Structure formats: structure tokens, C-alpha cells
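Survey of secondary and tertiary structure
Spelled out, the chains give:
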Amino acid sequence: SGQSRPMRILQFVQSAAAPGDANSAICAVDSYCANVEWAMNVGDKKGQILDAVVLAVRPRWVLELGTYCGYSTMRIARLLPPGARLVTLEMNQHYAQVAKQILGHAGLDTQVDLLVGASSALIPQLKKKFEMETFDLIFIDHWKASYLPDARLLEECGLLAPGTVLLADNVTCPGAPDYLQYVRNSPRYRSEYFPCQLEYLQVEDGMEKSVFLG
Ligand SMILES: CCc1ncnc2c1ncn2[C@@H]1O[C@H](/C=C/CNC(=O)c2cc(-c3ccc(F)cc3)cc(O)c2O)[C@@H](O)[C@H]1O
Ligand SMILES: [Mg+2]
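Below is a summary of the structure that appears in this document. Note that this is a predicted model, so its numbers are computed, not measured. Per chain, residue numbering runs from 1 following the sequence as it is written. Here chains are named by letter from A upward and ligands by number from 1 upward, in the order in which they appear as written. In keeping with the predicted nature of the model, local features appear solely for residues at pLDDT of at least 70, side-chain atom pairs appear and are counted solely at 80 or more, and the whole-chain, interface and lining totals rest on all residues. Side-chain metrics in this entry use all non-hydrogen atoms of the structure; hydrogen atoms and water are not considered.

**Some details on the state of the cysteines**
- By definition, disulfides here are pairs of cysteine sulfur atoms that lie within 2.5 Å. Within the structure shown, the criterion is met by 0 disulfides.
- The thiol sulfur of C33 is not disulfide-bonded, and the nearest other cysteine sulfur, from C69, lies at 7.3 Å.
- Exposure is judged per residue with a 1.4 Å probe applied to protein chains only, and the accessible area is read against the type maximum: over 50% gives exposed, under 20% gives buried, and values in between give partly exposed. Residue C33 is classed as buried on the basis of its relative accessible area of 4%.
- No disulfide involves C173; its sulfur sits 12 Å from the nearest other cysteine sulfur, which is in C196.

This is the structure we're talking about:
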């Protein structure tokens, strides 16, 4: 049932998770993807690293590249201090629609602005659209070939401040070698690798946390 994997995930969340309870929605996605069909959510193991970074940064402004079904969007939004905002960019209209409904079921849609479009087209509009200056935390989890060009674009748009944290998923699997090489060798970043297993599998992956130095 459900003509797409995101739709099947949404239907399971709607049936299995208590409305307004973000943790039960997160658990429902993890349980479905661990037991029924794999999906490219950051998952619970890497999700705990994401949680720890959100709690350490206590961000006022967060940007997510690649919403997909909204799993990591929920993990971040549920930990934000009052008044903080999470902007998430998703180029696939169907995925965005599913994510909106999952966020709504979890009661997290007030903290989140989900924009539909390519990150490269949306990033230059963010300052003006949200009347903000810089992001405190950026979670990167979209096409792996877009990690580096979008990090460069964020720099050029003046959306990074000294101390801004970039957290990138999948730097080992599927990998983002050009992005890794850049953040690890550029004097503008202090980078740290967090080894972890790939979501729902016994495969090596890892996340890279890079602090922008200005
Ligand atoms: C134009 C830029 C741009 N602007 C806006 N939205 C964009 C966008 N480019 C992409 N999107 C959206 O982001 C999501 C894509 C995410 C891509 N993620 C993986 O490919 C991935 C793969 C594995 C894995 C697969 C197979 C394996 F065997 C092992 C590992 C594991 C993981 O955690 C993974 O994240 C989708 O919603 C896109 O619509
Ligand atoms: Mg990922």
C-alpha cells in the first residue's frame, strides 16, 4: 500500500505514533525502517550524535539541507530552545508534502519552515526571507555531490559566522570526498570526524562536524 516509500513511512507514523509526541514519531520511523523497509533517514545511532550537537550548540537559527521524510527535521526541532527556528530545504515536492504531514503529526510544524526548491536557488534568498544574518547550526544530508558547492555558497552568501557548526551526514558512506578534503584542509574550518554505523545497517559511516572560523 502507499505508492511511495515516503508515503508508506507517513502512513505507519500516522497509525503507530501518538499525535503531538515527537519521540513516538521518531521511534515509529526507526521501527518501520529497521524492520519493514530501509530508508535514508539519519537513524537513531547517528541521530544521537545529531542530538548531542544540537544540545551543545543551543542554536537560534538552524538550516537543514535535504528534508526527505523529515526524520532529522524532527530530531532537531524537538530539541530547539523556544523562539529558535529550523529552516529545511527540499527539492522534491512529494517528499516535502510527506515531511510536512509527519512534522504536523509530531506537533513540530511551528518551529520549522520547510521550503520546496533546490538549495542552490534557495540559499541566496534566506537572509532576506527570514530577516536573519547567520545560521548557528547547519545539518547537511542532501545529494552528496552538493555538499561542497553548497558549503561554498553559504560562505559566499555570508550565512556563516565564526562558531557556526556544519554537521554533515554520510561522509564515509556513500561519502562526500571533495567536501571532506575541503573542510579538513581549509584554514577556515576546524573539523572533527564522528565514526558511526550507517542507519539501520552494520556498515561503517560517519559524520563530520566542522566549525567555521571566519
Ligand atoms: C539541488 C540540491 C538539493 N536541494 C534540495 N533538496 C535536495 C537537493 N539534493 C537532494 N535533495 C533532497 O535531499 C534528499 C536526498 C538525500 C540524499 N541522501 C543520500 O543519498 C543518502 C544515501 C544513503 C545510502 C544509500 C545507499 C547505501 F547503500 C548506503 C547509504 C544514506 C544516507 O544517509 C543518505 O543521506 C532527498 O529528499 C532529495 O530530494
Ligand atoms: Mg544521510
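**Brief notes about the packing of aromatic side chains**
- Here is the rule: rings of Phe, Tyr and Trp (six-membered ring for Trp) pair when centre to centre is within 6.5 Å. Planes less than 30 degrees apart are stacked, more than 60 are edge-to-face, and the remainder are tilted. Evaluation of the coordinates by the stated rule reveals 7 aromatic pairs.
- Look at F12 and Y32: their rings are 5.4 Å apart centre to centre, the planes differ by 35°, and that puts the pair in the tilted class. Placement of F12 in helix α1 (residues 5-16) and of Y32 in helix α2 (residues 22-35) is noted, with a sequence separation of 20 residues between them.
- The interplanar angle of 85° and the centroid separation of 5.1 Å between the aromatic rings of Y68 and Y95 together place this pair among those described as edge-to-face. Note on conventions: DSSP H or I runs of at least 4 residues are helices, E runs of at least 2 residues are strands, and numbering of each starts at the N terminus.

**Points about the coordination of the magnesium ion (ligand 2)**
- The protein atoms that coordinate the magnesium ion (ligand 2) are D141 (OD), D169 (OD) and N170 (OD1), at distances spanning 2.0 to 2.2 Å.
- Counted as donors are the N, O and S atoms within 2.8 Å of the metal, or 3.2 Å for Na, K and Ca, while water is not among the atoms, so some sites may look incomplete. For the magnesium ion (ligand 2), all donor residues lie on one chain, and their spacing in sequence is D-x27-D-N. Separated by 29 residues along the polypeptide, D141 in the loop between β4 (135-140) and α8 (147-156) and N170 in the loop between β5 (160-168) and α9 (171-175) bring together distant segments of the chain. Here D141 and N170 have matching classes, each one buried.

**A few points about the nonpolar core**
- In these notes, a set of buried Ala, Val, Leu, Ile, Met, Phe, Trp, Tyr and Cys residues joined through side-chain atoms within 4.5 Å is what counts as a nonpolar core. Core analysis: the biggest nonpolar cluster contains 44 residues, and I9, M74 and I76 have the highest contact counts within it.
- Ranked by residue count, the leading element in this core is α2, at 7 residues.
- By definition in these notes, contact holds between two residues if any of their heavy atoms fall within 4.5 Å. Dropping the residues within four chain positions of it, I9 is found in contact with V29, Y32, C33, A39, C69 and I102.

**Topic: the pattern of salt bridges**
- Criterion for a salt bridge: a side-chain nitrogen of Lys or Arg within 4 Å of a carboxyl oxygen of Asp or Glu. Taken as a whole, this structure holds 14 salt bridges when the rule is applied.
- The closest approach of N and O atoms between R184 and E208, which form a salt bridge, is 2.8 Å. Pair noted here: R184 is in helix α10 (residues 177-185) and E208 is in strand β7 (residues 204-212), with a separation of 24 residues, a long-range link.
- Here the residues in one salt-bridge network are D44, D51, R75 and R78, joined through shared partners.

**Some details on the site of ligand 1**
- Taken together, 23 residues form the shell around ligand 1, and within it E90, S119, D141, N170 and E199 come nearest.
- Between ligand 1 and M91 there is a distance of 3.1 Å, counted from a nitrogen atom to a backbone nitrogen or oxygen.
- Polar contacts, as counted here, are pairs of nitrogen or oxygen atoms within 3.5 Å of one another; within protein the pair requires one atom able to donate a hydrogen and one able to accept it, and residues that are adjacent in sequence qualify only if both atoms are side-chain atoms. One of the side-chain nitrogen or oxygen atoms of D141 is found 2.9 Å away from an oxygen atom of ligand 1.
- Notes on ligand 1: free accessible area 800 Å², of which the protein chains cover 82%.
- Here the term charged refers only to Asp, Glu, Lys and Arg, the term nonpolar to Ala, Val, Leu, Ile, Met, Phe, Trp, Tyr, Cys and Pro, and the term polar to all other amino acids, Gly among them. Looking at the shell around ligand 1, its residues break down into 11 nonpolar, 7 polar and 5 charged. If even one non-hydrogen atom of a residue comes within 4 Å of a molecule or strand, that residue is called near it. To measure how exposed things are, a 1.4 Å probe is used in the Shrake-Rupley method; for residues, cover is taken only from the protein chains shown.

**Some details on the pairing of strand β3 (residues 112-116)**
- Two strands pair when backbone bridges link them, and strand β2 (residues 85-90) and β3 are joined in this way by 5 bridges, in the parallel orientation. If you follow L86 over to β3, its bridge partner there is V112.
- Orienting the strands away from the viewer, one traces the path from the first strand over the helix to the second; a clockwise path indicates a right-handed crossover. Handedness of the crossover joining β2 and β3 through helix α5 (residues 93-106): right-handed. A strand pair is defined by DSSP finding two or more bridges across the two strands.

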